[in-house]
Amino acid sequence: MEKKYDVIALGELLIDFTMNGQSEQGNNMFEACPGGAPCNVLALLNKMGKKTAFLGKVGKDQFGVLLRDTITEAGIDATQLMTDDKVNTTLAFVHTFPDGDREFSFYRNPGADMMLTEEEVDPEFIAQTKIFHFGTLSMTHDGVRAATKKAIRSAKDAGCLVSFDPNLRPPLWPSLDLAKEQMEYGFGECDILKISDNEIQFVSGKEDYDEGIACLQEKYHIPLILLTMGRDGSRAYYHGMRVERPGFTVKAIETTGAGDTFCGSALNYIVEHGFEDLKEDQLGELLTFANAAAAIVTTKKGAIRSMPDRAEVEALIRG
């Protein structure tokens, strides 16, 4: 059947409050940046001219209105963005350290994104996409976990590619064992895995990235694994090939959304070039573009509204 969407993503949509200087009184000031990994991924895809839709839930509050308006403005189809009448929109306060690293304080006990139910997932909607993308933040609690699993089943039944980025946030899990268990569920379901250096170490217990990836490949036979290593660049593992490309040096102000931008770029490449028969030089091209796009996002605040267009990315690659 003709697919209406290139990528549909499910998961959290929230406000990231990022530090933005101090007031005259010496109080920290925070900027309200629309965020949430799955929509960050979609925002990059829209910048590249792809058709996307989002499935999730916000609160019946001003933040929920802001998020709906933001993703609609970004070109993401919000018809399946639900509103919860009782539970507020999820908030995250991002504390940035001088070296650009960050720590999150989440206001999500519960938050509206956790309130998505199995009944609200429409398999016919999911069937309309080429790629279905999800993370683990929609797996932290029972109800939304059931909704996520139903969406994954619907995607697989409809022959969609399944993309997974664990996006581990330890403070949001009742226990790290549960986090690991849900990551492993995702590994078992996905065709495309985007995983970071610290996540592969966490889940495999191996210091060496290649060894950690080898463990995953052996156990789950994931066709394409993309490993991000921050400023050190990234690697692709695909049908016995291992391709690596260096990162780009930019003046980073915060890393929020970099991994999502990388992931969106990779999915964009797959939408354009197919998934079945990627060559080594194509994987290199995918990584270089994704590394450059991610680098650009670290030079701006927030993610959904900071996504680069193709010309910007190509200009950085040309240097």
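Residues numbered from 1 in each chain as written. Predicted model: local features only at pLDDT ≥ 70, side-chain atom pairs only at ≥ 80, totals over all residues. Heavy atoms only, no water.

Some remarks on unusual backbone geometry
Negative phi characterises most residues that are not glycine, and trans characterises most peptide bonds. Stated formally: For the purposes of this entry, the term helix denotes a DSSP run of H or I that reaches at least four residues, the term strand denotes a run of E that reaches at least two, and both are numbered from the N terminus.
That bond from Asn109 to Pro110 is cis: its omega, -5°, falls within 30 degrees of zero. Following the sequence through the fold, Pro110 ends up in the loop between strand 7 (102-107) and helix 3 (123-126). Even without a glycine there, the phi angle at His221 is positive, about 50°. For His221, the location among the structural elements is in the loop between helix 7 (209-220) and strand 11 (224-228). Here the phi dihedral of His239 falls at roughly 45°; this positive angle occurs in a residue that is not glycine. Residue placement: His239 occurs in the loop between strand 12 (234-238) and strand 13 (241-245).

A closer look at the sheet that holds strand 2 (residues 14-22)
Spelled out, the test is: Strands are labelled as partners when DSSP assigns at least two bridges between them. Angular values range over 0 to 180 degrees, each being the angle between N-to-C directions of two axes fitted as lines to C-alpha atoms, with helices fitted over their stretch in contact. Note on definitions: a residue-residue contact is assigned when non-hydrogen atoms from the two residues lie within 4.5 Å.
Here four strands make up an open sheet; going across it, the order is 3-2-6-7 and the pairing mixed. Sheet topology places strand 3 (28-35) and strand 7 at the edges, where each strand pairs with a single neighbour. Going across the sheet, the axis of each strand differs from the next one's by a mean of 30°, ignoring polarity. Sitting on the sheet, helix 2 (residues 62-73) is in contact with strand 2, strand 3 and strand 6 (91-96), with an inclination near 100° to strand 2.

Comments concerning the pattern of salt bridges
Oppositely charged side chains can pair when the atoms bearing their charge come close. What counts is decided by this rule: Just to be clear on terms, a salt bridge is a Lys or Arg side-chain nitrogen sitting within 4 Å of an Asp or Glu carboxyl oxygen.
Per the stated rule, a full pass over the model turns up 16 salt bridges. Two residues, Arg242 and Glu244, come together in a salt bridge whose shortest N-O distance is 3.2 Å. Among the charged side chains, a salt-bridge network with shared partners connects Asp210, Arg235, Arg242 and Glu244.

Looking at the sheet that holds strand 11
Strand order across the open sheet formed by nine strands is 5-4-1-8-9-10-11-12-13, with mixed pairing between neighbours. Strands at the two margins of the open sheet, each flanked by one partner only, are strand 5 (77-84) and strand 13. With strand direction ignored, the average angle separating the axes of adjacent strands in the sheet is 15°. Contacting strand 1 (5-10), strand 4 (52-59) and strand 8 (129-135), helix 1 (residues 37-47) runs over the sheet at an angle of about 145° to strand 4.

Topic: the pairing of strand 10 (residues 192-196)
Put simply, the test is: Each residue is assigned to one of three classes by its accessible area relative to the maximum for its type, calculated with a 1.4 Å probe on protein chains only: buried under 20%, partly exposed between the two thresholds, exposed over 50%. We call a crossover right-handed when, viewed with both strands directed away from the observer, the connection leading from the first strand over the helix to the second proceeds clockwise.
Of all five residues making up strand 10, five are buried, and the element is well covered by its neighbours. Neither face of strand 10 is exposed, since Ile192, Lys194 and Ser196 on one face and Leu193 and Ile195 on the opposite face are all buried. Sheet analysis places strand 9 (residues 161-165) next to strand 10, joined by two bridges and oriented parallel. Bridge pairing in strand 10 places Phe164 opposite Leu193. Between strand 9 and its parallel partner strand 10, the chain crosses via helix 5 (residues 176-189), and the hand of that crossover is right-handed. Where strand 10 meets strand 11, five bridges bridge the pair, whose relative direction is parallel. Within strand 11, the position partnered with Ile195 by the bridge is Leu227.

Focus on the packing of helix 5 against helix 6 (residues 197-204)
This is how the line gets drawn: In this scheme, roughly parallel covers angles under 35 degrees and roughly antiparallel covers those over 145, while 65 to 115 is roughly perpendicular and the rest are oblique. Side-chain classes follow a simple rule in which Ala, Val, Leu, Ile, Met, Phe, Trp, Tyr, Cys and Pro form the nonpolar group, Asp, Glu, Lys and Arg form the charged group, and the remainder, Gly included, forms the polar group.
Where helix 5 contacts helix 6, the axes come no closer than 10 Å and their chain directions differ by 105°. With respect to their mutual orientation, helix 5 and helix 6 come out roughly perpendicular. Contact residues: Leu176, Lys180, Met183 and Phe187 in helix 5; Glu199, Phe202 and Val203 in helix 6. Grouping the constituent residues of the contact of helix 5 with helix 6 by class yields five nonpolar, no polar and two charged.

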